[in-house]
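# An overview of the molecular structure
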Amino acid sequence: MDTIVPLNIDGVRKALSGGIVGSAVHYHALLPSTMDEARRLALDGAPDGTVVIAEEQTKGRGRFSRVWVSPPGLNLALSVLLRPEIPQLPYINMAAALAVCDVVHELTDLSASIKWPNDVRIGGRKLSGILVETDMVGRQLNHAVVGIGMNVNLDPSQHPEIAEIATSILAESGREANRSEALRLLLGHLDRYHAEIRGGASLREPWAAKLETLSMTIQVRWGDDVIEGTGESVDEQGNLMVRKADGSSVTVVAGEVTLQV
Ligand code: BTN
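Right, let's walk through the structure included here. These numbers were taken from a predicted model, which means no experiment stands behind them.

Procedures and definitions
Throughout this document, residue positions are counted from 1 along each chain, in the order its sequence is written. Thresholds applied to this predicted model are a pLDDT of at least 70 for local features of residues and 80 or more for the giving and counting of side-chain atom pairs; totals over whole chains, interfaces and linings are not thresholded and use all residues. Excluded from the side-chain calculations are hydrogens and water; all other atoms, namely the structure's heavy atoms, are used. We call a residue near a molecule or strand as soon as one heavy atom of that residue lies within 4 Å of the molecule or strand. Polar contact is defined as a pair of N or O atoms within 3.5 Å, subject to the rule that within protein one atom must be able to donate a hydrogen and the other to accept it, and that residues adjacent in sequence are counted only when both atoms are side-chain atoms. Using the Shrake-Rupley algorithm and a 1.4 Å probe, accessible areas are obtained, with residue cover drawn only from the displayed protein chains. Here a cavity denotes a set of grid points, spaced 1 Å apart and computed over the protein atoms alone, in which a 1.4 Å probe fits but from which it cannot get out, and a pocket denotes an open set meeting protein on both sides within 12 Å along at least five of seven lines; residues with an atom within 4 Å of a point are reported as lining. Being in a pocket or cavity means that more than half of the molecule's atoms lie within 2 Å of its grid points. Partly exposed residues are those whose accessible area sits between 20% and 50% of the maximum for their type, while under 20% is buried and over 50% is exposed, using a 1.4 Å probe and protein chains only. Numbering of helices and strands runs from the N terminus; a helix is a DSSP stretch of H or I covering at least four residues, while a strand is a stretch of E covering at least two. For this quantity, the arc is that covered by the directions from the helix axis to the C-beta atoms. Whether two residues touch is decided by their heavy atoms; if any such pair falls within 4.5 Å, the residues are in contact. Paired rings are identified among Phe, Tyr and Trp, the last through its six-membered ring, by centres lying within 6.5 Å, and are further divided according to the angle between planes into stacked (under 30 degrees), edge-to-face (over 60) and tilted (the rest). Only lysine NZ and arginine CZ atoms are considered, and such an atom sits over a ring when it is within 6 Å of the ring centre and within 35 degrees of the ring normal. Multiplying one less than the number of residues by 1.5 Å gives the expected span of a helix. Salt bridge criterion: a side-chain nitrogen from Lys or Arg within 4 Å of a carboxyl oxygen from Asp or Glu.

### As for the site of the ligand
- Neighbouring residues of the ligand: 20 residues in total, closest Ser-33, Gln-57, Arg-61, Arg-63 and Lys-126.
- For the ligand, an oxygen atom lies 2.7 Å from a polar atom in the side chain of Ser-33.
- Between the ligand and Thr-34, the relevant distance is 3.0 Å, taken from a nitrogen atom to a side-chain nitrogen or oxygen of the residue.
- If the ligand stood free it would expose 420 Å²; the protein chains cover 97% of that surface.
- With respect to the detected pockets, the ligand is housed in the largest pocket.

### Regarding helix H1 (residues 9-16)
- When H1 is considered as a whole, its buried residues turn out to be Ile-9, Val-12 and Leu-16. Along the axis of H1, the buried positions cluster into a sector of 60°, meaning they face one direction only.
- Packing partners of the buried residues in H1 comprise strand S1 (25-31), strand S2 (51-57) and helix H5 (179-198).
- Directly after H1, the chain includes Gly-18, whose backbone phi takes a positive value near 120°.

### Some thoughts on the packing of aromatic side chains
- Enumeration over the complete set of coordinates arrives at one aromatic pair.
- Positioned above the aromatic ring of Tyr-193 is the side chain of Arg-192, whose terminal nitrogen or guanidinium carbon lies 4.4 Å from the ring centre.

### Some details on the side chain of Asn-75
- Along the polypeptide, Asn-75 turns up in the loop between S2 and strand S3 (76-82).
- Among residues more than four places away in sequence, those in contact with Asn-75 are Ser-70, Met-150, Asn-151, Val-152, Asn-153, Leu-154 and Arg-179.

### Quick word on H5
- Under the 1.5 Å per step criterion, the end-to-end length of H5 is 28 Å for 20 residues, consistent within 8% with the ideal 28 Å.
- For H5, the side-chain oxygen to backbone nitrogen distance between the N-cap and Ser-180 is 2.9 Å, and the N-cap itself is Asn-178.
- Of the residues flanking the end of H5, it is Gly-200, one or two places downstream, whose phi is positive at about 100°.

### What about the pattern of salt bridges?
- In total, this model carries 15 salt bridges according to the counting rule given.
- A salt bridge links Glu-236 to Arg-204; its shortest N-O distance comes to 3.6 Å. In this pair, Glu-236 is assigned in the loop between strand S9 (225-234) and strand S10 (240-243) and Arg-204 in helix H6 (residues 204-210), connecting sequence segments 32 residues apart.
- Accessibility expressed as a relative area gives 32% for Glu-236, which makes it partly exposed.
- Arg-204 gets classed as partly exposed once you look at its relative accessible area, which sits at 22%.
- The shortest N-O distance in the salt bridge between Arg-243 and Glu-232 comes to 3.0 Å. A residue pair is termed long-range when its members are at least 10 positions apart, and Arg-243 in strand S10 and Glu-232 in strand S9 qualify at eleven residues.
- Sharing partners across several salt bridges, the network here consists of Asp-36, Arg-61 and Glu-133.

Below, the structure written as structure tokens:
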């Protein structure tokens, strides 16, 4: 049986005081999607670093408009409003994935990896997904919302639709984790990476070091287009260079990667 312990949001707020990420934390028992609420707050003038977290989402979404499955009260489902400069934008996705990897390591001592561009995985199973949505007006970036779904105390075997593809902190460590602690750690790491980005740092290297997609034979699908080859490197924008069998190189800016084993 899944055990539900509510988040201690006041404790998280207190522990975070001082940083940009988490300068405001909006907590909801139920929302359609934290992405939409964060966007609404952004358009209302909410400050950089505002966090929206929900115990349950009725319309949680992932990339390619997929449904994000996360049973109430077991995991973390949150969105963070950021107002980066355009050159910093590619690092936002990297920051979120790296922050999740750091939390996983702190809570389990395990090393998670990243399937390009943004799935955090252990043993080939997905522990976390990241979704970045931006609001551009012409060439001006108004804001970005980074959504993070992180499986904490999910028992994947109880949820047939994701049982074969998902994992969680619980499934990997055999122990339930304190979700409030996981949230505090996650926002703390995200704030640290965000400060690095604002200071002009690139996150390409630490992110690339975590990518399981490099040196692997992969297939990248984008709509009806399929590219096969070896994941070779990533550039500063986070684009993936794929070396095809004929020796040519293709730069992939978006798509769904399958690792060939
Ligand atoms: C993906 O793997 O495709 C990205 C999944 C992102 C899910 C999170 S859960 C919190 C936030 N709200 C949403 O509706 N989606 C993101």
